[in-house]
Amino acid sequence: MTVRGKDFDGALDRAAHHARAWLDGVGERSVPPRADADTVGRTLAGPLPERGLAPDAVVDELVDRVEPGLMAIGSGRFFGWVMGGTLPAALGADWLVSAWDQNAGMRFATPGVVAVEEAAGRWVLDALGLPSGSDVGFVTGATTASFTGLAAARGAVLARAGWDVHDRGLTGGPAVRVLVGAERHDSVDLALRYLGLGVPTVVPADDQGRLRTDALAAALADGPAGAPTIVVLQAGNVHSGSFDPFAEAVPLAHDHGAWVHVDGAFGLWAAAAPELAPLVRGFEAADSWATDAHKTLNVPYDCGVAVVADPAAVRAAFGVHTAYLVDAPGPGNPYDKAPELSRRARGVPTWAALRSLGREGLAALVGGLARRARGIAEGVAGIDGVRVVNDVVYTQVCLALADDARTRAAGERLVADGETWISGSRWQGRDILRVSVSNWSTDEDDVARTVEAVRRAAHDAA
Ligand SMILES: *Cc1c(COP(=O)(O)O)cnc(C)c1O
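Computed from a prediction, not measured in an experiment: that's the story for all the values here.

Student: Sorry, what's going on with the nonpolar core here?
Tutor: A general trend in soluble globular proteins is that nonpolar side chains are found buried together. By size, the foremost hydrophobic cluster in this structure holds 81 residues, and its most contacted members are L216, F246, L297 and L362. It is helix 12 (residues 348–381) that contributes the most residues to this core, 12 residues altogether. Counting the residues that make up this core, at least three belong to each of domain 2 (92–353) and domain 3 (360–461). When sequence neighbours within four positions are dropped, the list of residues in contact with L216 reads L179, V203, L211, V231, A249 and L252.

So, in structure tokens, the structure goes:
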């Protein structure tokens, strides 16, 4: 049978209708979901139906069931965790990625989307000021991007010690020492666990969560000379937004023969805004970097980016050489640069986002997020009983009331209020409310409405 566009009309027309309705309302609806997963689940509880349903009706039914459980992540007043919205061009490209249904693992099989991803990769390196010869892998998120960079790191530091981990595995080989800052993201520990590297050695951090260079120097000097060593640094602390001191820490780690990996899930993008770029000074001398496109760049989930300066190191970890997969020399296949074979062309929306922004638009996006964060910090600092507890250098603002109980009560009031979503968390021994400005659409009006929402919550919690 010949597939025709009209076979898809019903489903696509309904999907486009519902998508527009969602996007039309997402900026004004109450930000938190109205129903929890169990409530939504009860509407989906039946067994697999014997009879199927027409595609347009399936789409309608899906929307009907899921709607009460949707979080307005695309709202300009959603500040939870660190989650971006989606830029229009990126969303359009993402729809096409599904319609084209290309398996983006192999260069010769799906040349169109692979070429677009390669262009997106070059633009990411250019925009962030990373070494132009690096391999770029498009992965599901920064956790997998760190897994990718650290897999390359593990292979390289063990190879220098005369041990081929890709051939022989870890058993019987030299121990790999991994040094991380006290306030690294949990995903670094996950990536290390997936790699069989166990629990890392913690290097103390300062009051903003930055790894301390003197402590790193002591930790590096402490180990056996020449031991295979990996140092993980951070660009963008989820609480304070702070950056590790790359200009001192990277050369120090390299002096000890260590591989340096940078987790910059949202912070790496500071490099793209001239006024913020000093925050990442020296980071380009590291060996691998993990970042997300689905946070600061505002492409739809899921898209992380793994960058490794030495292509041979990442290809040794991930390349496959089975007979049915034709090898492309030079640029390498996508599956050489990331831990997946078959996958969607998730780098295509990144190309579209960067194409729609341009260098200027990207700088304005990232700079704008930091400016809104400062605006919120200044606004809430003027509220009786509310304190900003971090130095606001980037997109993250942490608030606290007089004590933990009041802070928690204010957090509950904020959720009930529905005007914003601000995550509760714990940082440096106290409960806090954390604002992460990560959505391209957050504007001055959102800043003002957020300050007022915090004022109401703080008043009720006092
Ligand atoms: C979000 C985040 C991660 C994890 O990224 P995922 O895309 O969720 O896998 C890692 N590190 C930092 C600093 C983050 O903010």
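Student: Explain the site of the ligand to me, please; I cannot follow it from the model alone.
Tutor: The ligand sits among 13 residues. The nearest are T143, D263, D292, H294 and K295. T143 is positioned such that a nitrogen or oxygen atom in its side chain is 2.6 Å from an oxygen atom of the ligand. Look at the ligand: alone it shows 380 Å² of surface, and the protein chains cover 84% of it. Tallied by class, residues from the shell around the ligand come to 4 nonpolar, 6 polar and 3 charged.

Student: Which parts of the structure should I look at to understand the sheet that holds strand 10 (residues 423–427)?
Tutor: Think of a sheet as strands paired side by side through backbone hydrogen bonds, with each pair either parallel or antiparallel. The antiparallel open sheet is built from 4 strands, whose spatial order is 8-9-11-10. This sheet does not close on itself; its edge strands, each paired only once, are strand 8 (387–388) and strand 10. Where strand 8 meets strand 9 (residues 396–400), 2 bridges bridge the pair, whose relative direction is antiparallel. Each residue of the ladder has a partner; that of R387, found in strand 9, is A400. The strands that helix 12 touches are strand 8, strand 9 and strand 11 (430–436); relative to strand 9, the one it contacts most, it runs at about 15 degrees. Along the sheet face, helix 13 (residues 404–417) touches strand 9, strand 10 and strand 11 and points at about 35 degrees away from the line of strand 11.

Student: Would you mind going over the sheet that holds strand 4 (residues 229–234) with me for this structure?
Tutor: The strand order across the open sheet formed by 7 strands is 1-7-6-5-4-2-3, and the pairing between neighbours is mixed. Of all strands in the sheet, those bounded by a partner on one side alone are strand 1 (135–139) and strand 3 (201–203). With direction set aside, neighbouring strand axes in the sheet form an average angle of 20 degrees. The pairing of strand 5 (residues 259–263) with strand 6 (residues 288–292) spans 3 bridges and is classified as parallel.

Student: Honestly, unusual backbone geometry in this entry has me stumped. Any pointers?
Tutor: Peptide bonds are mostly trans, and most non-glycine residues show a negative phi. In this model, Y301 is joined to D302 through a cis peptide bond whose omega is -5 degrees. By the secondary structure assignment, D302 is in the loop between strand 6 and strand 7 (304–308). The backbone phi angle of D101 is positive, close to 50 degrees, even though this residue is not glycine. On the secondary structure map, D101 appears in the loop between helix 4 (88–100) and helix 5 (111–128). Its identity as a non-glycine residue notwithstanding, N298 has a phi of 60 degrees, on the positive side. Examined against the element boundaries, N298 turns out to sit in the loop between strand 6 and strand 7. On the accessibility criterion, N298 (0% relative accessible area) is buried.

Student: Quick question: what am I supposed to make of the layout of surface pockets here?
Tutor: Space left empty within the atom packing is revealed by a probe, the size of a water molecule, rolled over the atoms. Empty space within the largest pocket amounts to approximately 1,400 Å³. Lining the largest pocket are 47 residues, with A19, W22, L23, L91 and W95 sitting closest to its centre. Mapped by element, the contributors of at least two residues to the lining of the largest pocket are helix 1 (5–25), helix 3 (55–66), helix 4 and helix 14 (444–461). The biggest single contributor to the lining of the largest pocket is helix 1, with 10 residues. When grouped by side-chain class, the residues that make up the lining of the largest pocket number 26 nonpolar, 12 polar and 9 charged.

Student: In this structure, what is going on with the domain arrangement of the chain? I would like to understand it.
Tutor: The figure often quoted for interface size is the accessible area lost as the parts come together. Entries for the chain in the domain assignment read domain 1 (5–30 + 33–67), domain 2 (92–353) and domain 3 (360–461). On a C-alpha basis, the centroid separation for the pair domain 1 and domain 2 is 36 Å.

Student: Hey, could you run me through helix 13 in this one?
Tutor: Residues spaced three or four apart along an α-helix point in a common direction, a consequence of the helix completing one turn every 3.6 residues. The end-to-end C-alpha separation of helix 13 is 20 Å, in line with the 20 Å expected for 14 residues at 1.5 Å each. Residues of helix 13 that are buried: T407, A410, G411 and L414. The buried residues of helix 13 occupy an angular sector of 105 degrees when projected down its axis, which confines them to one face. Of the exposed residues in helix 13, those oriented more than 90 degrees away from the buried face are E412 and A416.

Student: It is not clear to me how the packing of aromatic side chains should be interpreted in this structure. Could you clarify?
Tutor: Ring pairs (aromatic) are described by centroid distance and by the angle formed between their planes. Summed over the entire model, instances satisfying the criterion amount to 8 aromatic pairs. Taking the centre distance of 5.7 Å and the plane angle of 15 degrees together, the rings of W123 and W351 count as stacked. Note that W123 is positioned in helix 5 and W351 in helix 12, a separation of 228 residues in sequence. Its relative accessible area of 33% is what places W123 among the partly exposed residues. Overall, the relative accessible area of 29% leaves W351 in the partly exposed class. Here F266 and Y394 contribute two aromatic rings whose centre-to-centre distance is 5.9 Å and whose plane-to-plane angle is 25 degrees, an arrangement assigned as stacked. With F266 in the loop between strand 5 and strand 6 and Y394 in the loop between strand 8 and strand 9, the pair connects residues that are 128 residues apart, well separated along the chain. In this structure, F266 and Y394 share a single accessibility class: buried. One aromatic cluster in this structure is built from F78, W81 and W421.

Student: For this particular structure, what's the right way to read the pairing of strand 11?
Tutor: A regular strand carries its side chains on alternate faces of the sheet. Strand 11 sits mainly inside the fold: 6 of its 7 residues count as buried. Summarising the sheet, strand 9 and strand 11 pair through 4 bridges and their orientation is antiparallel. Pairing of V397 across the sheet is with V435, part of strand 11. Two elements, strand 10 and strand 11, share 5 bridges in a ladder whose sense is antiparallel. The residue of strand 11 that forms the bridge with W427 is R430. Here strand 10 hands over to strand 11 after 2 residues, with Q428 in that stretch at a positive phi of 50 degrees.

About the criteria used
- Once a new chain begins, its residue numbering starts again from 1 and follows that chain's sequence as written.
- In keeping with the predicted nature of the model, local features appear solely for residues at pLDDT of at least 70, side-chain atom pairs appear and are counted solely at 80 or more, and the whole-chain, interface and lining totals rest on all residues.
- To obtain the side-chain values, all non-hydrogen atoms of the structure were included, while hydrogens and water were left out.
- Side-chain atoms within 4.5 Å link the members of a nonpolar core, which is a set of buried Ala, Val, Leu, Ile, Met, Phe, Trp, Tyr and Cys residues.
- For every residue, the accessible area (1.4 Å probe, protein chains only) is compared with the maximum for its type, and the residue is labelled buried under 20%, exposed over 50%, or partly exposed between those bounds.
- We count a stretch as a helix when DSSP gives it H or I for four or more residues in a row; a strand needs E for two or more, and each element gets its number in order from the N terminus.
- What marks off one domain from the next here is an automatic or database domain assignment.
- In this description, contact between two residues means that some pair of their heavy atoms is separated by no more than 4.5 Å.
- A cutoff of 4 Å decides nearness: a residue is near a molecule or strand if any of its heavy atoms lies inside that distance of it.
- Any N or O atom pair separated by 3.5 Å or less is treated as a polar contact, with the protein-specific requirement of one donor-capable and one acceptor-capable atom, and with residues adjacent in sequence counted only for side-chain atom pairs.
- A 1.4 Å probe and the Shrake-Rupley method give the accessible areas. Residues count as covered only by the protein chains that appear here.
- Any residue that is not Ala, Val, Leu, Ile, Met, Phe, Trp, Tyr, Cys, Pro, Asp, Glu, Lys or Arg is counted as polar, Gly included; the first ten are nonpolar and the last four charged.
- Strand pairing is defined by DSSP finding a minimum of two bridges between the two strands.
- As a rule, the C-alpha atoms of each element are fitted with a line to give its axis, helices using only the stretch in contact, and angles between N-to-C directions run from 0 to 180 degrees.
- Cavity means a closed set of points on a 1 Å grid over the protein atoms alone, one where a 1.4 Å probe fits but cannot get out, pocket means an open set with protein on both sides within 12 Å along at least 5 of 7 lines, and lining means a residue has an atom within 4 Å of a point.
- Grid points are joined across faces, edges and corners, and a volume is the space filled by probe spheres set on the points.
- Every helix has an expected span of 1.5 Å times one less than the residues it contains.
- Note that the arc is computed from the directions linking the helix axis to the C-beta atoms.
- Centre distance within 6.5 Å is the pairing criterion for rings of Phe, Tyr and Trp, where only the six-membered ring of Trp is used; planes under 30 degrees apart are then read as stacked, over 60 as edge-to-face, and the remainder as tilted.

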